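# Observations on chain architecture
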Amino acid sequence: MSVTPESLYLRHDWQLDEVNQLFALPFNDLLFRAHSLHRQFFDANEIQVSSLLSIKTGSCSEDCGYCPQSARHDSDLKPEALMPIEQVLEAAEAAKQQGASRFCMGAAWRSPKDRDIERVVEMVKGVKALGMETCVTLGMLNEKQTQALKDGGLDYYNHNLDTSEEYYSEVITTRTYQDRLDTLERVRDAGINVCCGGIVGMGETETDRAKLLLQLATMPKHPESVPINMLVQVEGTPLHGINALDPLVFVRTIAVARILMPKSRVRLSAGRKDMSDELQALCFFAGANSIFYGNFCSNDYLGLANHPQLAQAFKRGVDQYGVGSGASHLISGHTQAHHALEEELAEFTGRERALLFSTGYMANLGIVSALIDRRGRVLEDRLNHASLLDGGLLSRAEFQRYQHNDIEDLQQRLHQSAQKTLIVTDGVFSMDGDLAHLPRLAQLAQQQQAVLMVDDAHGFGVLGATGAGVAEHFALDQQQVPIFMATLGKACGSFGAFVAGNQDLIEFLIQKSRSYIYTTAMPAAVAEATRASLKLLKTEAWRRERLHQLIRYFRKSAEQQGLKLMDSMTAIQPILVGDSHAVL
């Protein structure tokens, strides 16, 4: 009989004293044993990347002491209904583009209704069609629901035991340990892979951690996926304020899980964002080989960049117009697609006309330098984007920067000269995330017969009742904000920029803006994709609502972590870290 790693190391008859002995091993010996065994079954340098989406948030009837989703806890988490299937698939596509091969969908239910299962099955089918591994966690299931998920092609069902059976009632009282085991048995009987692990750091003892892993390791078949979570303390939940777990105890738990279940994927799950790189490296060395990730540094505020309708519109544009535009707008680069987009942007922003530029930087250079010359004056907020500042400098006009959002400082500077003056400001400041005081700026500009220009790169698509931007947010019209510029590569998820205003402004820029005249037009296919984006932006207000919910959640969570935030309710959320040592 041949000897294989499975026959040597794969066991289902572990005893509690054996597990306790593993936990008691010297730290280096434990890690060496776990890492050596990990190499028997996995590529030691491979880590699976997973992405998790909450498809239904809050209002759960359970009382899990760690969970902000419970309706019984005052965690200030806003409940949300089950997400539309299209929105889930967009998130899955975006996760795939970011490198995830596994997509997990979680819903805050004690147990789902049959009609909910039908919608989740459609989500599973859609995600699988993208070529991704699927996992859902929906609470307790009956046999009919489990079979429906299996028939829909579900790969994994997640249902954690959380802790030992003895400690379980200290954390949850609304369902029993056996309830969880029964759901796991149904999942296994239906032929769905089991994803089951627990949470450490909830006040349990080392014996509780050993008993949790023992329960998993003595199942007839080990869970194919074992998530090990570090408690994330959330204000308003019963476990908030509990003493934090020693990080090395967490590493030991990972290592013991690897030894007991050598073929399972051990997933480094909740709590990872609070772990240092060094701690995570120890966890990977100890046998963790799957992580969850999130995309947190993108300007794709509404998740439109990977939307299939944009991709389809782009492809149709390529088929009709080709990849490139071939020339500048004034020669032959301007197509019906560009013209239609300009008209739609003008209508959306409440302006007479709009003009496309290839980039936001070129738009600002071209607008400012065309509108003012050495005989005039440019007054800019000190925290304006570099493209605005460069436009002011290159205009050769008298150039001054007033103190950030300081209307009094600006007013004093306006009184100092009778020159033609252009006041330039960001709508949403790109580093601090705060809003310009537009109503006061507009009033002051009209009083002093100055012209106001607003760069709304980070507000367009995000602010306002319809998403038309910061001017709509403050209910300011074309007369009050005569020059409105915004980019298309952020909330719109495409590329390029535009300026909107009255007929005379646009016609003047067509004739005088050098960065417009002497630049190849954006590809018509990009214009078509942007038109599709604009339609979604108009009709799917939930994207903005979701963004602002996430902003509020981030701010609350950051404050709970003791992070010092700035005064911003926009998608730009600066954190004041301190000196360079703290930053590093």
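Residues numbered from 1 in each chain as written. Predicted model: local features only at pLDDT ≥ 70, side-chain atom pairs only at ≥ 80, totals over all residues. Heavy atoms only, no water.

### Quick notes on the state of the cysteines
By the definition in use, this model includes 0 disulfides. Cysteine 135 takes part in no disulfide bond, and the closest cysteine sulfur, belonging to cysteine 104, lies 4.4 Å away. (Disulfide = S-S within 2.5 Å.)

### Considering helix H3 (residues 27–41)
Here H3 is 15 residues long and its end C-alpha atoms lie 22 Å apart, about the 21 Å a rise of 1.5 Å per residue gives. All of the buried residues along H3 are Leu30, Leu31, Ala34, His35, Leu37 and His38. What you see down the axis of H3 is that its buried residues fit within an arc of 165 degrees, all on one side. Residues of H3 that are exposed and angled more than 90 degrees away from the buried face: Asn28, Phe32 and Arg39. (Helix = DSSP H or I, 4+ residues; strand = E, 2+ residues; numbered from the N terminus. Expected span 1.5 Å × (residues − 1). Buried < 20%, exposed > 50% of the residue type's maximum accessible area, 1.4 Å probe, protein only. Arc of directions from axis to C-beta.)

### Re the pairing of strand S14 (residues 451–455)
A large share of S14 lies buried, amounting to 4 of its 5 residues. The sheet contact formed by strand S13 (residues 421–426) and S14 spans 5 bridges and is parallel. Its bridge partner being in S14, leucine 422 is matched across the sheet by valine 451. A crossover links S13 with its parallel partner S14, the connecting element being helix H18 (residues 438–447), and its sense is right-handed. One ladder, built from 3 bridges, connects S14 with strand S15 (residues 483–487); its direction is parallel. The partner of valine 454 across the bridge, within S15, is phenylalanine 484. (Pairing = 2+ DSSP bridges. Right-handed = clockwise from strand over helix to strand, strands pointing away.)

### A few points about the sheet that holds strand S10 (residues 353–357)
Taken in spatial order, the 7 strands make up an open sheet running S10-S16-S15-S14-S13-S11-S12, and their pairing is mixed. Whereas interior strands pair on both sides, the edge strands pair on one side only; in this sheet they are S10 and strand S12 (398–402). Strand-to-strand twist in this sheet, taken as the mean axis angle between neighbours without regard to direction, amounts to 20 degrees. Note: S10 against strand S16 (residues 497–501), 5 bridges, orientation antiparallel. Residue pairing in the sheet places alanine 354 in a bridge with alanine 500 of S16. Where helix H14 (residues 336–349) meets the sheet, it contacts S10, S15 and S16, and its direction lies at approximately 125 degrees from that of S10. Across the sheet, helix H16 (residues 386–394) is in contact with strand S11 (377–381), S12, S13 and S14; its angle to S11 comes to roughly 160 degrees. (Axes fitted to C-alpha atoms, helices over the stretch in contact; angles between N-to-C directions. Contact = heavy atoms within 4.5 Å.)

### Digging into helix H9 (residues 206–217)
Relative to the 16 Å expected for 12 residues at 1.5 Å per residue, H9 spans 16 Å between its end C-alpha atoms, a close match to the ideal helical length. Along H9, the residues that are buried comprise Asp208, Arg209, Ala210, Leu212, Leu213, Leu214, Leu216 and Ala217. Elements that come into contact with the buried residues of H9 comprise helix H2 (16–24), helix H7 (165–171), helix H8 (177–189), strand S6 (198–200), strand S7 (225–230) and helix H10 (247–260).

### A short note on the environment of leucine 181
Of note, leucine 181 is situated in helix H8. Overall, leucine 181 belongs to the buried group, its relative accessible area being 18%. What leucine 181 contacts, discounting residues up to four positions off in sequence, is Leu161, Gln215 and Met219.

### Focus on the nonpolar core
Within the largest apolar cluster, 84 residues are counted, with the highest numbers of intra-cluster contacts made by Ile55, Tyr66, Leu149 and Phe250. Top element by residues in this core is H10. It accounts for 9 residues. Setting aside residues no more than four positions away along its own chain, phenylalanine 250 makes contact with Val200, Ile228, Asn229, Met230, Leu245, Leu268, Met275 and Cys283. (Core = buried A, V, L, I, M, F, W, Y, C linked by side-chain atoms within 4.5 Å.)

### Notes on the packing of aromatic side chains
With the rule as written, the count across this model stands at 5 aromatic pairs. Taken together, a centroid distance of 5.6 Å and an interplanar angle of 65 degrees make the contact between phenylalanine 357 and tyrosine 516 edge-to-face. Of this pair, phenylalanine 357 sits in strand S10 while tyrosine 516 sits in helix H21 (residues 514–517), and the two are 159 residues apart along the sequence. Each member of the pair, phenylalanine 357 as well as tyrosine 516, is classed as buried. Measuring from ring centre to ring centre gives 6.4 Å for phenylalanine 484 and phenylalanine 498, while their planes differ by 50 degrees; the resulting arrangement is tilted. Of this pair, phenylalanine 484 sits in strand S15 while phenylalanine 498 is found in strand S16, placing the two residues 14 residues apart along the sequence. For phenylalanine 484, a relative accessible area of 1% gives the class buried. What links up through ring pairs into an aromatic cluster is the set Phe348, Phe460, Phe484 and Phe498. The lysine or arginine in question, arginine 11, covers the ring of tryptophan 14, its NZ or CZ lying 4.0 Å from the ring centre. Over the ring of tyrosine 156 we find arginine 102, and its NZ or CZ is 4.6 Å from the ring centre. (Phe/Tyr/Trp six-rings, centres within 6.5 Å; stacked < 30°, edge-to-face > 60°. Lys NZ or Arg CZ within 6 Å of the ring centre and 35° of its normal.)

### Things to note about the layout of surface pockets
Roughly 390 Å³ of volume is contained in the second largest pocket. In terms of lining, the second largest pocket is formed by 17 residues, of which the most central are Ser369, Ala370, Ile372, Lys512 and Arg514. Put simply, the parts of the chain that give the lining of the second largest pocket at least two residues each are helix H15 (360–371), helix H20 (503–512) and H21. Considering every element that reaches the lining of the second largest pocket, the biggest residue donor is H15, with 5 residues. Along the lines of polarity and charge, the residues of the lining of the second largest pocket split into 6 nonpolar, 5 polar and 6 charged. (1 Å grid on protein atoms, 1.4 Å probe; cavity = no way out; pocket = protein on both sides within 12 Å on 5 of 7 lines; lining within 4 Å. Points joined across faces, edges and corners; volume = space filled by probe spheres on them. Nonpolar A, V, L, I, M, F, W, Y, C, P; charged D, E, K, R; others polar.)

### Quick look at the pairing of S15
For S15, the buried fraction is high: 5 of the 5 residues fall into the buried class. Neither face of S15 is exposed, since Ile483, Met485 and Thr487 on one face and Phe484 and Ala486 on the opposite face are all buried.

### Comments concerning the side chain of serine 430
Here serine 430 is to be found in the loop between S13 and H18. Look at serine 430 and you get buried, because its relative accessible area is 19%. Ignoring any residue separated from it by four or fewer positions in sequence, one finds serine 430 in contact with His385, His458 and Ile572.

### Points about empty space enclosed by the protein
Counted according to the given criterion, the structure contains 1 cavity of 30 Å³ or more. Considering the residues around the largest cavity, the lining is formed by His329, Leu356, Phe357, Ser358, Met362, Ser515, Tyr516, Thr519, Thr520 and Ala521. At the level of secondary structure, the elements contributing two or more residues to the lining of the largest cavity comprise S10 and H21. The residue makeup of the lining of the largest cavity, split by class, is 5 nonpolar, 5 polar and no charged.

### Thoughts on unusual backbone geometry
A positive phi angle is found at arginine 396, which is not glycine, with a value near 70 degrees. You can see arginine 396 is positioned in the loop between H16 and S12. For arginine 396, a relative accessible area of 58% translates into the label exposed. In this structure, alanine 475 takes a positive phi of about 60 degrees despite not being glycine.

### Here we look at the environment of lysine 538
Secondary-structure assignment places lysine 538 in helix H22 (residues 524–539). Look at lysine 538 and you get partly exposed, because its relative accessible area is 37%. For the pair lysine 538 and valine 171, spaced 367 residues apart in sequence, the C-alpha to C-alpha distance is 45 Å. Those residues in contact with lysine 538, other than ones at most four positions away along the chain, are Glu344 and Phe348.

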